[in-house]
2 protein chains.
Amino acid sequence: MTQPSALSLGGERFSALYHIRSSAAELEARARDICVEQTVEFPEALITSTAIRDQIIGQIESVEEIGPERFAVRISYPIEAAGRELTQLINVLFGNISIKPGIRLMRLDLPESLGQEYPGPRFGQQGLRTLLGVQDRPLLCTALKPMGLSPAELAELAYRLALGGIDLIKDDHGLTDQGFCPFEERVRRCADAVARANAQTGRHCLYLPNVSAPAGEIDSRAHFAKDAGAGGYLFCPGLCGLDAMRRLADDDGLGLPILAHPAFQGSYCLSADSGAAHGVLYGQLNRLGGADATIFPNWGGRFSYTEDECLDIVDGATREMGRIAPIFPVPAGGMRLERVSEMIDFYGPEVILLIGGDLHAQGGDLVASCRRFETLARQSSSAIGGIRSMK
Amino acid sequence: MTQPSALSLGGERFSALYHIRSSAAELEARARDICVEQTVEFPEALITSTAIRDQIIGQIESVEEIGPERFAVRISYPIEAAGRELTQLINVLFGNISIKPGIRLMRLDLPESLGQEYPGPRFGQQGLRTLLGVQDRPLLCTALKPMGLSPAELAELAYRLALGGIDLIKDDHGLTDQGFCPFEERVRRCADAVARANAQTGRHCLYLPNVSAPAGEIDSRAHFAKDAGAGGYLFCPGLCGLDAMRRLADDDGLGLPILAHPAFQGSYCLSADSGAAHGVLYGQLNRLGGADATIFPNWGGRFSYTEDECLDIVDGATREMGRIAPIFPVPAGGMRLERVSEMIDFYGPEVILLIGGDLHAQGGDLVASCRRFETLARQSSSAIGGIRSMK
C-alpha cells in the first residue's frame with residue numbers, strides 16, 4: 001500500500017510511565033510493542049510513511065530496571081493522537097495494552113498545552129474548603145443508608161447528620177432511582193432537611209445526591225438536584241464512564257463539587273502486574289475527570305489496600321499536574337471513630353474523613369455521635385500542628 | 001436509629017455466580033459479606049427493619065466447592081434494587097466487591113421481568129446476517145488503519161477492502177476526531193467509498209465508524225454518521241461507559257448495528273481471582289449493553305487469552321438470556337489469513353473473522369487479499385458442514 005501521508009504534527013508529546021514484567025533480553029521488544037499497539041496498531045514493517053513512523057508511533061523515553069524482571073519504562077505519544085478527548089487520551093495511554101498481562105500504568109504526565117484541554121476539578125481542595133467555610137480541620141463526610149429506607153427516613157437521617165456537624169452528606173452509591181426510593185423525592189426531601197439543619201447551625205453542610213444514572217439521564221438528574229438545593233454530587237465513573245463525570249464538572253450550569261466513588265473500578269488495581277496503579281486510577285484520572293475528592297478504601301478497613309497503596313492515591317490526588325488542582329483523598333470503607341486520630345496522623349489534615357455505619361454504631365443519639373466525630377477531628381488535627389502549619 | 005420501613009418488594013430476584021477464594025471455615029462469612037456489601041452496605045446488626053433484612057440484603061442461593069480454597073457461590077438480589085438502570089444493575093452485581101480480592105464475577109442470571117428492561121442487541125447474529133445478506137459463511141471484518149493516514153487515504157483503503165468482499169469495515173479504535181483525521185470528513189469519505197464499492201459489487205458491505213467520544217458528543221457523531229451513510233458503529237464501552245453503548249443501541253433514530261471493542265477493559269479479566277470472567281465481561285454485559293458483536297483477542301495472537309477463555313466469551317455471547325439475542329464473537333488481535341481455517345474449526349461458522357494488518361502483509365493487491373480471505377472462509381465453513389447443518 002502507498003501511504004504518501006502529508007502528516008505534520010507539532011512535536012509535543014505526553015507520556016506515561018509503565019511497569020513492565022519482562023526479561024532484560026525481551027524488554028526492548030515488549031516496550032516497542034506498546035509503542036505500536038497504542039498508536040498505529042499495525043505491523044511496523046508495513047508502514048511506508050516516514051511521517052507516521054516518526055510522528056505517530058510511541059517513543060521509548062527512558063528505561064530503568066526496578067527489580068528482577070521488572071522495568072519502569074516511560075513512553076511518549078504525540079498530543080495530537082489524544083487531542084481534546086479524555087476518552088481518547090485514556091485509549092492511547094492504556095486502551096489495548098490493558099488486555100496484555102505484565103504491563104501496569106503507573107503515572108501520566110501531560111505537557112502544559114494538553115493540560116489546557118482538561119480543566120479538571122472545578123473546586124479542588126481549596127475551593128471545597130471555601131464553599132464549606134471550613135479551613136481549620138479535616139472535612140467530615142458520611143453516607144445516607146441503608147438501601148431500603150424511604151426518602152422521608154433518609155431525610156430524617158440527613159437532618160440529624162447535618163445538625164451534628166457533618167460537612168458532606170452523600171447518598172450511598174447504591175441509591176439511584178429505585179421505586180422504593182425515587183430519586184426526585186429523595187433529593188428534594190434530603191436537600192430540604194439539610195437546609196433546615198444549616199439554618200439552625202449556621203453551617204454550610206452540603207448534600208450530595210448520587211447522580212450515577214443511565215447515559216441519557218445524568219444531566220437531567222444533576223440539574224434537578226441543583227434546582228432542589230443539592231450542594232454537590234456523588235458519581236461513580238466506573239459505572240457511568242470517566243468522561244461523563246468530566247462533563248458534569250465542566251457544565252457551567254451546574255457548578256457544584258463532585259465526589260468520585262470507586263464502584264466497579266477496583267479490579268483494575270488488584271494485580272500488581274497489570275491494570276493501573278492506585279494513584280493514577282483514583283488520583284490522576286479522577287482529577288482529569290473533574291472530581292474534587294476521591295473516595296477509596298482505607299487500609300485496615302473492610303477492604304485490602306495497603307498503606308503504600310493509599311499513599312499512592314494521595315500522591316495521584318495531589319501531585320503537580322499543571323493547572324489541574326489537587327483534590328481531597330477520602331479514605332473510607334468501614335472506618336470508625338476510634339481511628340480518626342490515626343487517620344489524621346497518616347493523611348495529614350488535608351483529607352475528608354468518611355464514616356458511615358460507625359456513627360450509628362455508637363448507640364445513643366446520632367447528633368451526639370457526629371459532634372464527637374468533629375471534636376475528634378479537630379483535636380487530632382491540632383495535635384499534629386493543624387492545617388496552617390502543614391502548608 | 002428507628003427504621004420503621006414500609007418496604008414491600010415483589011419478591012423476584014436476579015442472581016450472580018461468584019467464584020470466591022476462601023477457606024471452608026471462612027466461606028460463609030465471606031459470602032454473607034458480599035450479600036451486605038452489595039446492598040445495604042451497613043452493619044447488619046444495626047438494621048432494625050425486618051423488611052430491609054428480609055427483602056433487600058443479598059441471599060446465598062447455593063454454594064459449591066470447586067477446588068482447594070475455591071467456591072462457586074450464587075447470590076440473589078431483589079430486582080427492585082437494580083430496576084431499569086444498567087448502571088445500577090452492574091453496581092449491585094459487582095460495584096464495591098470489585099475492590100475486594102478473591103471474588104470473581106462469573107455469570108449473571110436475570111429473570112424474565114428484569115430482562116424486559118434491557119432489550120439488548122437490536123440485531124444480534126441473525127439480524128446482522130440479514131442486514132448483510134450473508135447467510136452461508138462466517139462474516140468478514142477488517143479495520144481502517146494505521147492512525148496517521150488522512151481521511152482520503154483511509155477512504156481509498158475502505159474502497160478497496162469493500163471491493164474485495166469484506167462485510168464489515170470498521171475504523172481502528174484509535175481513530176476518533178483528531179486534527180489530522182477529523183471525524184466528519186473521515187466518515188463522509190469512507191461511507192461514500194464503501195457505497196461506491198457496493199454499487200460495483202452488489203454487496204452490502206457496512207462501514208462502521210468509531211463513535212467512542214466525549215460524553216456529550218456520542219449522539220451527535222452517531223447521528224452524523226448515519227446521515228452520512230455509515231452502516232453501523234464501533235464503540236468502546238470501557239472508555240465511554242457500557243450504558244452509553246446501550247443508549248446508542250436503544251435509539252430508534254439510529255437503528256444501526258454495534259461492534260463492541262475491548263479497549264481499557266482488559267485488566268478486568270487478567271487475574272483469575274478477581275474481576276469478571278471473560279464471558280460475562282465481553283459476552284453477557286456487552287449484550288445487555290446492546291452490542292451486536294463483541295471483539296476480543298483470540299488465543300495465539302498478539303494477546304494472551306487461552307482457548308478456554310475465548311470459549312467462555314462465546315458462551316457469554318450466545319447463552320440463553322431470555323429475549324436478549326445471541327451476538328457474534330469477533331476473535332481478533334493479530335489474526336492471519338493462514339489461521340482462518342483453524343478459527344472456523346474452533347468457533348464454528350457463527351463468527352465474525354477480523355483480520356487487519358495481515359491483509360496488507362500479503363503483498364500484491366489488497367483487493368485480491370480480501371478475495372482470498374473470503375474464499376478461505378467459505379471453504380473452511382463448507383469443510384465443517386456449513387452454517388445450516390450446524391443449526
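Residues numbered from 1 in each chain as written. Chains lettered and ligands numbered in written order. Predicted model: local features only at pLDDT ≥ 70, side-chain atom pairs only at ≥ 80, totals over all residues. Heavy atoms only, no water.

## Digging into the overall build of chain A
Of regular secondary structure, chain A possesses 16 helices and 12 strands. Taken over C-alpha atoms, the radius of gyration comes to 23 Å for chain A, in line with the 21 Å a tight globule of 391 residues would show. Taken over the C-alpha atoms alone, chain A extends approximately 75 × 45 × 35 Å along its principal axes. Each of the 391 residues in chain A was classed as buried or not, and the buried ones make up 64%. Sequence separation of 24 or more characterises 75% of the internal contacts of chain A that already satisfy a separation of 6 or more. A total accessible area of about 12,700 Å² is found for chain A, and carbon and sulfur atoms account for 48% of it. Computing the positive centroid from 37 side-chain charges and the negative centroid from 49, chain A places the two 5 Å apart. (Helix = DSSP H or I, 4+ residues; strand = E, 2+ residues; numbered from the N terminus. Rg over C-alpha atoms; globule rule 2.2 N^0.38 Å. Buried < 20%, exposed > 50% of the residue type's maximum accessible area, 1.4 Å probe, protein only. Contact = heavy atoms within 4.5 Å. Areas by Shrake-Rupley, 256 points an atom, 1.4 Å probe, with all protein chains shown as cover. Lys, Arg positive; Asp, Glu negative; His and termini not counted. Charge placed at Lys NZ, Arg CZ, Asp CG, Glu CD.)

## A closer look at the side chain of Arg104(A)
Here Arg104(A) is to be found in strand S4 (residues 103-109). A polar atom in the side chain of Arg104(A) sits 2.6 Å from the backbone oxygen of Ser271(A). (Polar contact = N/O pair within 3.5 Å; in protein donor to acceptor, adjacent residues only side chain to side chain.)

## Considerations on the interface of chain A and chain B
Taken together, the contact pairs 79 residues of chain A with 79 residues of chain B. Carbon and sulfur atoms make up 61% of the area that chain A and chain B hide from each other, which totals about 6,900 Å². Looking only at chain A, the three residues that lose the most surface to chain B are Ile99(A), Met147(A) and Phe264(A), adding up to 11% of its buried area. Along the contact surface separating chain A from chain B lie 12 salt bridges. (Buried area = accessible area lost by both parts, 1.4 Å probe. Salt bridge = Lys/Arg side-chain N within 4 Å of Asp/Glu carboxyl O.)

## With respect to the packing of aromatic side chains
Counted according to the given criterion, the structure contains 18 aromatic pairs over all chains. For the ring pair Phe346(B) and Tyr347(B), a centre distance of 4.8 Å and an interplane angle of 80 degrees mean the geometry is edge-to-face. Looking at Tyr347(B), the relative accessible area reads 10%, which means it is buried. Members of the aromatic cluster, joined through ring pairs, are Phe296(A), Trp299(A), Phe346(A) and Tyr347(A). Seen from the ring of Phe303(B), Lys100(A) lies directly overhead, with NZ or CZ sitting 4.8 Å from the centre. (Phe/Tyr/Trp six-rings, centres within 6.5 Å; stacked < 30°, edge-to-face > 60°. Lys NZ or Arg CZ within 6 Å of the ring centre and 35° of its normal.)

## Regarding the sheet that holds strand S9 (residues 258-260) of chain A
Residues and elements named next belong to chain A. Taking strand neighbours across the sheet as the criterion, the four strands line up as S8-S9-S10-S11 in an open arrangement whose pairing is parallel. For this open sheet the edge positions go to strand S8 (233-235) and strand S11 (328-332), each flanked by a neighbour on one side alone. In this sheet, neighbouring strand axes are inclined to one another by 25 degrees on average, regardless of whether the strands run parallel or antiparallel. In the sheet, S9 pairs with strand S10 (residues 293-297) via two bridges, with the strands oriented parallel. (Pairing = 2+ DSSP bridges. Axes fitted to C-alpha atoms, helices over the stretch in contact; angles between N-to-C directions.)

## Details of the packing of helix H14 (residues 340-347) of chain B against helix H16 (residues 366-383) of chain B
Residues and elements named next belong to chain B. One way to put it is that H14 packs onto H16 with a least axis distance of 9 Å and a crossing angle of 40 degrees. Considering their axes alone, H14 and H16 lie oblique with respect to each other. The two elements H14 and H16 cross, and the hand of that crossing is right-handed. In this structure, H14 uses Val340, Ser341 and Ile344 to contact H16, whose residues at the interface are Phe373, Leu376, Ala377, Ser380 and Ser381. (Parallel < 35°, antiparallel > 145°, perpendicular 65-115°, else oblique. Left-handed = near helix turned anticlockwise from the far one by under 90°.)

## Here we look at the sheet that holds strand S5 (residues 139-144) of chain A
Residues and elements named next belong to chain A. Strand order in the open sheet formed by four strands is S7-S6-S5-S12, and the pairing between neighbours is parallel. Two strands in the sheet have a free side with no partner beyond their single neighbour: strand S7 (206-208) and strand S12 (352-354). The average angle at which neighbouring strand axes cross in this sheet is 25 degrees, direction not considered. Judged from the three bridges that link them, strand S6 (residues 168-171) and S7 form a sheet pairing that is parallel. Opposite Leu168, over in S7, you have Leu206 as the bridge partner. Together, S5 and S6 form the strand contacts of helix H7 (residues 151-163), whose direction differs from that of S5 by roughly 165 degrees.

## Topic: the pairing of strand S1 (residues 13-21) of chain B
Residues and elements named next belong to chain B. Buried residues dominate S1, accounting for eight of its nine residues. Sheet topology note: the S1/strand S3 (residues 70-78) ladder contains nine bridges and is antiparallel. Note on S3: the bridge partner recorded for Arg13 is Pro78. Pairing geometry for S1 and strand S4 (residues 103-109), over six bridges, is antiparallel.

## Things to note about the domain arrangement of chain A
Frequently, the measure chosen for interface size is the accessible area that the parts lose on association. Residue and element names in this part refer to chain A. Along its sequence, chain A is organised into domain 1 (13-115) and domain 2 (124-390). Taking the mean C-alpha position of each, domain 1 and domain 2 sit 34 Å from one another. Every contact between the two is made by 18 residues of domain 1 and, on the other side, 23 residues of domain 2. Carbon and sulfur atoms supply 55% of the area that domain 1 and domain 2 bury against each other, a total of about 1,700 Å² over both sides. Interface area lost by domain 1 to domain 2 is led by Leu86, Arg104 and Leu108, which between them contribute 38%. (Domains from an automatic or database assignment.)

## Digging into the relation of the copies chain A and chain B
The transform that puts chain A on chain B rotates by 180 degrees and translates by 0.0 Å along the axis, for an RMSD of 0.0 Å. Between the two chains, the operation in question is that of a two-fold axis. Among all C-alpha atoms of chain A, that of Gly241(A) lies closest to the rotation axis, at 2.2 Å. (Least-squares fit on C-alpha atoms with pLDDT ≥ 70 in both.)

## Points about the pairing of S11(A)
All names here are of chain A. With five of five residues buried, S11 is to be regarded as a mostly interior element. Of the two faces of S11, the one carrying Phe328, Val330 and Ala332 and the one carrying Pro329 and Pro331 are both buried. Pairing of S10 with S11, which is carried by five bridges, proceeds in the parallel orientation. What sits directly across from Phe296, in S11, is Pro331. Tracing the backbone out of S10, into helix H13 (residues 307-318) and back to the parallel element S11 gives a crossover that is right-handed. (Right-handed = clockwise from strand over helix to strand, strands pointing away.)

## Considering the pattern of salt bridges
Within the structure shown, the criterion is met by 62 salt bridges over all chains. Put simply, Arg221(B) and Glu85(A) hold a salt bridge, and the shortest N to O gap is 2.6 Å. With one member in each of two chains, Arg221(B) in helix H9 (residues 218-228) and Glu85(A) in the loop between helix H3 (79-82) and helix H4 (86-94) form a pair that bridges those chains. Across the pair, Glu85(A) and Arg221(B) agree in class, each one buried. Glu350(B) is the salt-bridge partner of Arg129(B), the closest N and O atoms lying 3.1 Å from each other.

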